[in-house]
Every structure is written in structure tokens, then in C-alpha cells.
2 protein chains.
Amino acid sequence: MKVSALEIPITRTNQSRLPEVDFNNLPFGSVFSDHMFLADYYDGAWQDARVVPYGPLSLEPAAKVFHYGQEVFEGMKAYKDKEGQVWLFRPLENQRRLNKSASRLMIPELPEAIFMEGLKTLLRTDSDWIPTVAGSSLYIRPFLFASGNGFHASPSDRYTFVIATAPSGAYFAGEVHVRIEEKYSRAANGGVGYAKAGGNYAGQFYPTQLAKEAGFQQVIWTDDNTHEYIEEAGAMNIFVRIGDTLLTSPTSDRILDGITRKSILELAEAEGIPTEVRKISVSEIVEASKKGQLKEMFGAGTAAVVSPISGYGYRDERFDLPEVADSYATFFKKRITDIQYNRSEDPFGWRYPVS
Amino acid sequence: MKVSALEIPITRTNQSRLPEVDFNNLPFGSVFSDHMFLADYYDGAWQDARVVPYGPLSLEPAAKVFHYGQEVFEGMKAYKDKEGQVWLFRPLENQRRLNKSASRLMIPELPEAIFMEGLKTLLRTDSDWIPTVAGSSLYIRPFLFASGNGFHASPSDRYTFVIATAPSGAYFAGEVHVRIEEKYSRAANGGVGYAKAGGNYAGQFYPTQLAKEAGFQQVIWTDDNTHEYIEEAGAMNIFVRIGDTLLTSPTSDRILDGITRKSILELAEAEGIPTEVRKISVSEIVEASKKGQLKEMFGAGTAAVVSPISGYGYRDERFDLPEVADSYATFFKKRITDIQYNRSEDPFGWRYPVS
């Protein structure tokens, strides 16, 4: 299907909420821009691509999204540089991953043209909503869900695609201490852990709450069988630095193929940082801690970019991470955000202009 | 919280859809009754319990149910006997399980009074929708979901509880052949498999579709680690009869504590049928098949009650189940439906009158 920008009709709001927004005090993902992009799947095709005012969706109580969690999403950001040019970061990776997630949940794949032209049309329509305050960006949430009706536990015959956006500040505030989880799990072998499927996230809320009550901010997920290997950090990929080697777990059917994760690996290679993509055992981390070789741990994901971890708990012990002068986390965060905001060269071709 | 029946306001539809319904040709769960029950959680309490015409729900695109799968449901049925009396089957078990599911997904528990009084008020309002045609019943779908807004992956601050109903015929039609799954999985150790969480169902659609393409109707799920032990059949619990012994897998954090399952176990005990609740290996099933000792397999759940399995596939082999004269599946289905429809005594006290 070919969808040119001109074919996406735009219905503009007649009362912008922009004057109400305090761009100097933006929360994360809770102030929504004036417009959204919508498309619907029915009669076997994605159609009716359109930009409309952000507002309520109307769904029957029998819509399958409410019952069977047939829903996937992506997380992206738009950045505005000093000249007012708007940029995305590797958006085609999100488009491809959305479809990978969708396929696992039996949601019909969305054509690239609808995703990309819809996104660009929306960003042009709401370009005044893209923050310019340092550290802020426009968080973009594309999502696909089952909008057809029925209580039969089977795939829907109708789906809805939405892109909504929210000018946002930082995702995390303050120090992050994590607990290495040994009871609860995030994903099964042969399950949907690699997909950005809604159910993967709700399942984390309760174990995360237990961790918070014990004085941590996040959970480090381990494999559900042995709990010996670390897999993800909350809703992010995890990196560990032992000595000067950067380690991260391989992607699998349990682990999300994160775009920030793969960008960090490419940057590390270009920088000559020794990197190992392999299973990382908890005992190896604890041992490195005790020997003073565990220099850093950090989460990596679109929302937080790089989220340094200050300490971790494992069973009854707590370990602090040292302050390091030559922090990899700081280095990667700067390199990535410099590229995202067009403050540096882009040797990898990751920046994508929205014109 | 005390909610008496009188405190639930009822807004009646001014145009019933009842005359359009063909009660002799009811599908499963796709014709919806005139009314629904609603309650909302906000400011830290469940409130605004009400019966209103069945119709669209209005939600912001940022509602967390669309993104993080924070949603749980139950399945129940209402039966009308020859005298027109309406019955439920062990409804308090559903009420308790809904809250068990809700807790795992960090959804605030729903008071029993709201669940039960809401349900009874709704059934009284739509009592003409409860079918009397043999084999039909009113399928009841209570569900709870996150209706608060925000792109932050954390629990919602608002929730909605809905009960919607659908006069329904049989869930399955025709013979059921199942495939014992060795690649995909339904649930992780320490995950949410025991909860009726939406995401558990969407994750099954794709593997089930692959099974269908190979000539099966359903999947038998095995443990995600070794794939050596059977766990559930599609969206039902699984029973196996080897010789005259009835076997079913123990409930766990991966396996739903099914109400039909536990009713069958109680009936079997009362009937003197030898029963074993223990892990069941695939090799044991295949071996019993080859020796002619595998007499029956069946799924058990509210929607289908008991769903006999005609054959199964494992790796490259296919096995047929024999026709047996003294079928346990037939026996249990008759005993349970006789109790449900008030055609027999109810020695267990499972029937619950709606007056």
C-alpha cells in the first residue's frame, strides 16, 4: 500500500492546549499533544489513515483489547535542534519491531508507509509541542490493539493503530537501586518476552512494588528456570561493566531487541571498548563486586536512554556501585543524546530528519 | 464497603435489542445483552456502581489498558431452569479468583458486595436474555482494567470494572485435535500464568494458529523449561485418563486454578474415581497411547464445561483417542450441567440462586 503524505487528512483542533503547558516542568508521558494519528484495520486491510484532535477512543466493552491483551506498542522520541529542525532516532527500527511484536500476537502487520507517513504528518502538525528545554523531548507512543468484539478467546477481526505524543522530561529521577529477582519472572522460554506486548509490563508491576517496599526502585529480571542469569532491568535492557569490559545479555525470545541497546553496542565497538554479548550470571556479578571489579551497571532504553544503577540487592546482601571517573554510562548517554539532538556528527546514520 | 441491591441505580435502554436475537442459533459470546454493570475506582475507592445500557466505553488513548495489559477477567454463566429460576455456579469462586488475578497485576481488589450485587442486579435487569434452549446459557464476562492515563510503565490510578453478558451456544463445534507444543510456551515460573490476565491469552493466538495450519484445533501447553510436562489445553485445564485413573496437573503459578477443574476433582472423589493430581509427562501419555491405556483426554473450563479431545499430535506422530463406553468426560459434563441447570440434586452446594 502506498500512502503519500498528501493522502493523510488532518482535522485540526479548534482549541490548542499548548498555552497550558509548562515546558520547564515537564513530567514523563502525562501531558498529551493536541493531535493523534489513527488508522484502522478491517475488511483485511489497514485504512482510514488520519490525523485528528487527541481525544477519547470509543470501544465496545466486548473489544478484545480489554480481555485478551492483544496489544503491542513502541516507544520513540522526537528532538528539536537549535535551528528548529526536528529529528527522529532510527525510526525504521521501531517500525520493524512493532511488526515483529504484532506478528507474535497475531495482529496484522502495519505497512511501513502508514507508520512513517503517519508519524511525520503528526509531528509536522504538532511541531510546536516538541520541547527545546535541555533534557526534554517529545515522547512518541505508537500502539496497535484489537478493537473487534467478542468473548471468544481468539484473534480480533479489527485493529486500531494510534500514535499519540507527550512532551516529556526525564523518566527517572534520583538514584536507582535495583533488586535481583529470584521469585518472580518477566518472560517464559517460547513466550512473548521479546515483543513489546502489553501483558509483559503489567506482570512487572507487582514484583516491582515489592522491590520498592524493600527500598529498591527497579527489578533486575533473571531467567525463570534457574534465576542464575540476568535478563532485563525493569523495562530496559541491562549492561554490566566488569573491569573495562562491557557485558550485556544476548537477545532471545525472552529479551527485547532494544534499539538503545544495539546503538550502545555499535558505539562501544567504534570506540574500541571491549564488549561481550553473552549470558551473565548473578554469581559472576556478585564475585566481581566483592573483588572491586564491578565498575558499572546501567539500564538502556528509549525513555531513559541510559539509566545508571547505584547499587543492587541480591538475597540478603546489598552492594553499592562505585563512582567511576570514566563512566561508560555517561559516555554512551552523551554520545547518543548528542546524535539525537544534532549536537554532533552522526557517523552511523541514525538521525532521521522530519521535514 | 456495603452495597445493597437498592443502591445500584439502573438506567434502562429505551430500545431493547432482544427481538433481533435468534435464540435457536446462538454463537458464543458475540451477541450482547441490553445492559451492563459498571463501577469505577478512583480516589482510592471503588464507587459509582451502576447498571446502564450496553454501549461504548470512552477512554483516552493514553489509558494504560491499551499499553501495559493491566487487565484481568472472569468467565461465568447464568442458567434458567424449567420454572424460570435463574442460577449461577459457584460465583464466589469467580469473585475470589478475580481478586487473586487483580492483585498479581496491581489492580485494587473489588469488594465482594460490588461484584455480587452488581452481578445479580444486572441479571435481574436482563433476565429475558438468559436462554432456555438446551445447551445454551448466558455467558457472563466480568472484567477489570486500567483506565487511568499515562505512558509511564507503572500501575494506573484509575480502574474500571465491567460485567457484560452474551446469550451463548456451544464454545467448540466439532472434534478437537490438539498438538502438544514444544516450542512456544504459555507461562513462566514466577509469572502470571495462574491469573486470568489478558496477556496470557493473546500470547496463545499465534502458536494456536500454527497448530491450526497443521490440522489441529488447540494446543496442549507444556512447561517452558523442559516441555516434558503438560500444563493446560488452550484456555482450559487438562485432564487425562490412563486406565481408569483420572490425572490432572497440579495448580501452580503457571496453571489456572479452574473452577470446573476443581468441581471435576470433587465429583470424581465422590464417585470413587481414582484421581491423581500430579505432574504428567508427555512420554507417559505417549507410552499409555501405545499400550492402549490412554482412554481419554479432555479440557475443562467454564466456556466449554468439558471438551473431549479426539486425538493429539506430538512431534511427527499423531495419536487417536479411542471411543469409550463409560466416558468420564460425558459423565462429568452431565453431572455438572445437571447441577447448573437445576436438573439434579446439588450435594455440594454449588448452585447459587439469583432472586
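Above this text is the structure in question.
Here we summarise the structure given alongside this text.

Conventions we followed
- Residues numbered from 1 in each chain as written.
- Chains lettered and ligands numbered in written order.
- Predicted model: local features only at pLDDT ≥ 70, side-chain atom pairs only at ≥ 80, totals over all residues.
- Heavy atoms only, no water.
- Helix = DSSP H or I, 4+ residues; strand = E, 2+ residues; numbered from the N terminus.
- Rg over C-alpha atoms; globule rule 2.2 N^0.38 Å.
- Buried < 20%, exposed > 50% of the residue type's maximum accessible area, 1.4 Å probe, protein only.
- Contact = heavy atoms within 4.5 Å.
- Areas by Shrake-Rupley, 256 points an atom, 1.4 Å probe, with all protein chains shown as cover.
- Lys, Arg positive; Asp, Glu negative; His and termini not counted.
- Charge placed at Lys NZ, Arg CZ, Asp CG, Glu CD.
- Buried area = accessible area lost by both parts, 1.4 Å probe.
- Polar contact = N/O pair within 3.5 Å; in protein donor to acceptor, adjacent residues only side chain to side chain.
- Nonpolar A, V, L, I, M, F, W, Y, C, P; charged D, E, K, R; others polar.
- Phe/Tyr/Trp six-rings, centres within 6.5 Å; stacked < 30°, edge-to-face > 60°.
- Lys NZ or Arg CZ within 6 Å of the ring centre and 35° of its normal.
- 1 Å grid on protein atoms, 1.4 Å probe; cavity = no way out; pocket = protein on both sides within 12 Å on 5 of 7 lines; lining within 4 Å.
- Points joined across faces, edges and corners; volume = space filled by probe spheres on them.
- Domains from an automatic or database assignment.

### Quick look at the overall build of chain A
Each helix and strand counted, chain A has 7 helices and 19 strands in total. The C-alpha atoms of chain A give 21 Å as radius of gyration, which agrees with the globular expectation for 355 residues (20 Å, within 12%). Over its C-alpha atoms, taken along the principal directions, chain A stretches across nearly 60 × 55 × 35 Å. In chain A, which comprises 355 residues, the proportion classed as buried is 61%. In chain A, the share of contacts with a sequence separation of at least 24, taken over all contacts with a separation of at least 6, comes to 71%. Put simply, chain A shows about 13600 Å² of open surface, and 47% of that area lies on carbon and sulfur atoms. When the 38 positive and 46 negative side-chain charges of chain A are each reduced to one mean point, those points stand 1 Å apart.

### Comments concerning the interface of chain B and chain A
Taken together, the contact pairs 61 residues of chain B with 61 residues of chain A. Taken together, both faces of the contact between chain B and chain A bury some 5200 Å²; the carbon and sulfur share is 64%. Ranking the residues of chain B by area buried against chain A places Phe66, Phe151 and Phe205 of chain B at the top, with a combined share of 15%. The tally of links between chain B and chain A comes to 25 residue pairs in polar contact (both at pLDDT 80 or more). Taken together, the elements giving at least two residues each to the side of chain B that touches chain A come down to strand 3 (57-59), helix 1 (65-68), strand 4 (71-73), helix 2 (91-104), strand 7 (137-146), strand 8 (159-168) and helix 4 (198-213) of chain B. When residues in the side of chain B that touches chain A are grouped by element, the largest group, 9 residues, is from helix 4 of chain B. Its residues placed into classes, the side of chain B that touches chain A shows 34 nonpolar, 21 polar and 6 charged.

### Structural notes on the packing of aromatic side chains
All told, the structure shown has 49 aromatic pairs over all chains when counted by the stated rule. When the ring of phenylalanine 298 of chain A is compared with that of phenylalanine 332 of chain A, the centres are 6.2 Å apart and the planes differ by 45°; the resulting orientation is tilted. Taken together, the positions of phenylalanine 298 of chain A in strand 15 (residues 294-301) and phenylalanine 332 of chain A in helix 7 (residues 328-340) put the pair 34 residues apart, joining distant regions of the chain. Residues phenylalanine 298 of chain A and phenylalanine 332 of chain A agree in their burial class; the two are buried. Of the aromatic side chains, those joined through ring pairs into one cluster are Phe66, Phe143 and Phe145 of chain A together with Phe66, Phe143 and Phe145 of chain B. Seen from the ring of tryptophan 87 of chain A, arginine 351 of chain A lies directly overhead, with NZ or CZ sitting 5.1 Å from the centre.

### Concerning the side chain of histidine 35 of chain A
All names here are of chain A. With respect to the secondary-structure elements, histidine 35 resides in strand 1 (residues 35-42). Among the residues examined, histidine 35 registers a relative accessible area of 4% and is labelled buried. Among the polar contacts listed, one links the side chain of histidine 35 to the backbone nitrogen of threonine 13, at a separation of 3.0 Å. Sequence-distant contacts of histidine 35, that is, excluding residues within four places in its chain, are made with Thr11, Arg12, Thr13, Val51, Val52, Pro53, Tyr54, Leu122, Thr125 and Asp126.

### What to know about empty space enclosed by the protein
Overall, the coordinates contain 4 cavities of 30 Å³ or more when judged by the stated rule. In this model, the largest cavity occupies a volume close to 320 Å³. As for the largest cavity, its lining consists of 27 residues, and the residues nearest its centre are Arg186 and Asn200 of chain A together with Arg186, Val192 and Asn200 of chain B. The biggest single contributor to the lining of the largest cavity is helix 4 (residues 198-213) of chain A, with 5 residues. Counted by class, the lining of the largest cavity contains 9 nonpolar, 15 polar and 3 charged residues. Of the volumes computed, that of the second largest cavity is approximately 110 Å³. Lining the second largest cavity are 13 residues, and of these Lys77, Tyr79, Phe89, Thr302 and Gln340 of chain A sit closest to its centre. At 3 residues, the largest contribution of residues to the lining of the second largest cavity is made by strand 5 (residues 76-80) of chain A. Grouping the constituent residues of the lining of the second largest cavity by class yields 6 nonpolar, 6 polar and 1 charged. For the lining of the second largest cavity, the domains that each give at least three residues are domain 1 (5-168) and domain 2 (177-339) of chain A.

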